[in-house]
Amino acid sequence: MATKNLSDYDISKVPSATGIKVAIVVAEWNFDITSALRDGAVETLLKHGVNEKDIFVEYVPGSFELIHGSKVVYEKYSPDGIIAIGAVIRGETPHFDFISQGVTYGIARLNVELDVPVIFSVLTTNNKEQAFDRAGGRLGNKGTEGAITLIKMISLAKK
Ligand code: DLZ
């Protein structure tokens, strides 16, 4: 199966992001990866017209905390949408499965409970190499893709 690289998107199909307010929550666990995802997201939002002062970045210890962190930034900044950024990497313990499932379920729930989209920019990979491939490496940057997804979802709500 060919691996799709969504970071090579068609810029003409992305709606204008001028005037929107975005909160980004970044997990500090595997920060070499999550900071690269954050940079991809911020760069893409700016490129599509989001004002720098309308991008609010906050940090939480690990991916599991992205759920509560997203609720906090929702209440604190009243954004039009949220990007949750994390990197869960398979280790020697069952933690990988618990954290991956927990954060997936938690973010999905927030998408039902909050009236703004919460984008799931959380990598779940077997090793660091696979994570780097998706954080600005040969398979693009999932932070960039998260930003594009958010712009499209906010535009959907405003139509
Ligand atoms: C504990 C833990 C482990 C083992 N692995 C990761 C990981 O790969 N990525 C990540 O973002 N966080 C990890 N954590 C931390 C948890 O997300 C969380 O911070 C702790 O369980 C405390 O709630």
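What comes next concerns the included structure. Throughout this description, residue numbers start from 1 for each chain and increase along the sequence as written. Only residues with pLDDT of 70 or above have their local features reported here, since the model is predicted, and side-chain atom pairs are shown and tallied only from 80 upward, although totals for entire chains, interfaces and linings are computed over all residues. Heavy atoms throughout the structure, all of them, feed into the side-chain values; hydrogens and water do not.

## Quick word on the site of the ligand
Taken together, Trp29, Asn30, Gly62, Ser63, Phe64, Glu65, Ala87, Val88, Ile89, His95 and Ile99 make up the full set of residues adjacent to the ligand. Within the backbone of Ala87, one N or O atom sits 2.8 Å away from a nitrogen atom of the ligand. Here, Shrake-Rupley sampling with a 1.4 Å probe gives the accessible areas, and only protein chains in the shown set may cover a residue. Protein chains bury 73% of the 490 Å² of accessible surface belonging to the ligand in isolation. When contributions to the shell around the ligand are tallied by element, the ones reaching two or more residues are strand 3 (81–89) and helix 3 (95–113). The element contributing the most residues to the shell around the ligand is strand 3, with 3 residues. For this scheme, ten residues count as nonpolar: Ala, Val, Leu, Ile, Met, Phe, Trp, Tyr, Cys and Pro. Four count as charged, namely Asp, Glu, Lys and Arg, and the remainder, Gly too, count as polar. Taken together, the residues that form the shell around the ligand break down as 6 nonpolar, 4 polar and 1 charged. A cutoff of 4 Å decides nearness: a residue is near a molecule or strand if any of its heavy atoms lies inside that distance of it. N or O atoms closer than or at 3.5 Å make up a polar contact, with two conditions inside protein: a donor-capable atom paired with an acceptor-capable one, and, for residues adjacent in sequence, both atoms drawn from side chains. Under the DSSP-based scheme used, a helix requires at least four consecutive residues in state H or I and a strand at least two consecutive residues in state E, with every element numbered from the N terminus.

## Considering the pairing of strand 1 (residues 22–27)
Each regular strand displays side chains that alternate between the two surfaces of the sheet. When a residue's accessible area, from a 1.4 Å probe over protein chains only, is under 20% of the maximum for its type it is buried; when over 50% it is exposed; and in between it is partly exposed. Burial analysis of strand 1 places 6 of its 6 residues in the buried class, the great majority of the element. Along strand 1, one buried face is formed by Val22, Ile24 and Val26 and the opposite face, lined by Ala23, Val25 and Ala27, is buried too. At least two bridges found by DSSP between two strands are what make those strands a pair. As paired strands, strand 1 and strand 2 (residues 55–60) are joined by 6 bridges and run parallel to one another. Residue Val25 lies in a different strand from strand 2, and its bridge partner there is Glu58. Assignment of crossover handedness uses the view with strands pointing away from the viewer, where a clockwise path from the first strand over the helix to the second indicates a right-handed crossover. Chirality of the crossover, the property in question, places the unit of strand 1, helix 1 (residues 31–47) and strand 2 among those that are right-handed.

## Quick look at the sheet that holds strand 3
Spatial ordering of the open sheet is given by 2-1-3-4, a layout of 4 strands whose pairing is parallel. This sheet does not close on itself; its edge strands, each paired only once, are strand 2 and strand 4 (118–125). Pairwise comparison of adjacent strand axes, ignoring direction, gives a mean angle of 15 degrees for this sheet. Looking at chain direction, strand 1 and strand 3 are connected through 5 bridges and run parallel. Looking across to strand 3, one finds that Val26 is bridged to Ile85. In this fold helix 1 packs onto strand 1, strand 2, strand 3 and strand 4, with an angle of close to 155 degrees to the strand it touches most, strand 3. Here an axis means a line fitted to C-alpha atoms, over the contact stretch when the element is a helix, while the angle between two N-to-C directions is reported on a 0 to 180 degree scale. Whether two residues are in contact is decided by their heavy atoms: any pair within 4.5 Å suffices.

## Points about the side chain of Asn30
Tracing the backbone through its elements, the reader meets Asn30 in the loop between strand 1 and helix 1. Owing to a relative accessible area of 16%, Asn30 belongs among the buried residues under this scheme. Not counting the four nearest positions on each side in its chain, Asn30 is found in contact with Ala87, Ile89 and Lys128.

## Section: the environment of Ile89
Its location among the elements puts Ile89 in strand 3. Between the C-alpha atoms of Ile89 and Gly40, which are 49 residues apart in sequence, the distance is 20 Å. In contact with Ile89, other than residues within four places in its own chain, are Asn30, Phe96, Thr125, Asn126, Asn127, Lys128 and Ala131.

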